[in-house]
Amino acid sequence: FLNYFPDIAIVLNLAWDHPDFFSTHKKLLDSYANFINNIKEKGKLITTEEVASALGGKIRKDIQNITIKDQQTLELSLIGNFRKENASAALTLAQALNLNIERSAKSLSDFPGLGRRLEYKGKIKNISFYDDYAVQPYTIEKTANALAEKYNGKTILLVLEPHTYSRVKIYFKYFASSLTNTKVNQIYVTDVYAAREKDHAVNLSEKLAGQIGNKAAYTGTINDSAELVRRNLGKYDIVLSMGAGDVYKLYDLVKNGQ
């Protein structure tokens with residue numbers, strides 16, 4: 001993102017991620033400060049008070065800092081109250097650009113969502129399938145719980161494909177805690193998606209499932225996991241696949257393997 005020189009930037013949080021590149025949280029904060037200082041002269045930064053406070057001394061004085069206005073009363077068709085944080089940022093931007101706020105709010109309320117963001121995939125034998133890109137512990141917990149709250153009382157299976165060995169290793173205890181705190185009924189933990197990394201930690205997913213406890217099981221490859229889902233479909237009302245690797249294929253693998 002340091003290759004971009006925007007007129008306006010929206011920064012929602014400074015959560016530490018991509019530890020294979022940002023070895024410390026400070027390095028990530030420094031990179032965000034560099035990005036924000038790429039904003040054109042007298043440009044705008046739309047962000048939270050928390051972010052502004054964390055980076056305040058590192059931001060150019062000519063950049064106009066606009067605090068995101070809470071729009072929690074906005075009605076969205078999307079699942080999850082946390083989506084209102086994004087909507088609030090969008091409406092704050094609309095106000096900064098002097099757009100029609102009523103039309104902007106209507107557009108947001110009608111927005112159907114994006115692929116891989118709690119995307120509804122379809123039904124197999126009357127079981128609903130959803131798919132999401134989340135890879136960090138806090139986004140996994142938040143997203144899975146939003147689905148559970150939407151379908152309160154329904155039985156939910158989460159199929160998680162952990163993304164990169166470095167992320168799982170460094171945040172291992174946070175993954176275990178967040179997954180334990182999810183309001184789903186069962187968790188299948190697949191093999192780690194290596195992406196650009198090379199590692200021999202073949203039992204990392206198995207360790208994670210063991211740390212979560214009774215509601216989690218290590219299920220191997222995506223194909224093996226899909227077969228297990230297929231054999232146990234009758235136990236669940238909803239299946240949520242989650243991760244940034246190949247887990248998005250789960251719905252089609254289950255559907256085509258019937």
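Further up the page is the structure itself.
A brief look at the structure comes next. What you are looking at is a predicted structure, and each value in this text was computed from that prediction instead of being measured. (Residues numbered from 1 in each chain as written. Predicted model: local features only at pLDDT ≥ 70, side-chain atom pairs only at ≥ 80, totals over all residues. Heavy atoms only, no water.)

1. Some thoughts on the sheet that holds strand 8 (residues 216–220)
Okay, so step 1: Spatially, 4-5-9-6-7-8 is the arrangement adopted by the six strands of the open sheet, whose pairing is mixed. In the strand order of this sheet, the two ends are held by strand 4 (119–124) and strand 8, each with one partner. Within the sheet, the average angular offset between the axes of one strand and its neighbour, ignoring direction, is 20 degrees.
Okay, so step 2: Pairing between strand 4 and strand 5 (residues 127–132): five bridges, direction antiparallel. (Pairing = 2+ DSSP bridges. Helix = DSSP H or I, 4+ residues; strand = E, 2+ residues; numbered from the N terminus. Axes fitted to C-alpha atoms, helices over the stretch in contact; angles between N-to-C directions.)

2. Looking at the sheet that holds strand 2 (residues 44–47)
Okay, so step 1: The parallel open sheet is built from three strands, whose spatial order is 1-2-3. On the outer flanks of this sheet lie strand 1 (8–11) and strand 3 (64–67), each paired with one strand and no other. For this sheet, the mean inter-axis angle between neighbouring strands, taken without regard to orientation, is 20 degrees.
Okay, so step 2: Where strand 2 and strand 3 come together, four bridges link them in parallel fashion.

3. So, the pattern of salt bridges
Okay, so step 1: Taken as a whole and judged by the stated rule, the model has 13 salt bridges.
Okay, so step 2: In this structure, Arg 167 engages Asp 17 in a salt bridge whose closest nitrogen and oxygen atoms are separated by 2.8 Å. Of the two residues, Arg 167 sits in helix 6 (residues 165–170) while Asp 17 sits in the loop between strand 1 and helix 1 (25–36), which places them 150 residues apart along the sequence.
Okay, so step 3: We classify Arg 167 as buried; its relative accessible area is 2%.
Okay, so step 4: Its relative accessible area of 5% is what places Asp 17 among the buried residues.
Okay, so step 5: Taken together, the shared-partner salt bridges in this structure form one network comprising Lys 26, Asp 30 and Lys 58. (Salt bridge = Lys/Arg side-chain N within 4 Å of Asp/Glu carboxyl O. Buried < 20%, exposed > 50% of the residue type's maximum accessible area, 1.4 Å probe, protein only.)

4. Remarks on helix 5 (residues 137–150)
Okay, so step 1: Between its first and last C-alpha, helix 5 extends 20 Å over 14 residues, near the 20 Å set by a 1.5 Å rise per residue.
Okay, so step 2: Every buried residue belonging to helix 5 is among Pro 137, Thr 139, Ile 140, Thr 143, Ala 144, Asn 145, Ala 146, Leu 147 and Ala 148, and all of these are buried.
Okay, so step 3: In this structure, the buried residues of helix 5 make contact with strand 5, strand 6 (156–160), helix 7 (172–180) and strand 9 (238–242). (Expected span 1.5 Å × (residues − 1). Contact = heavy atoms within 4.5 Å.)

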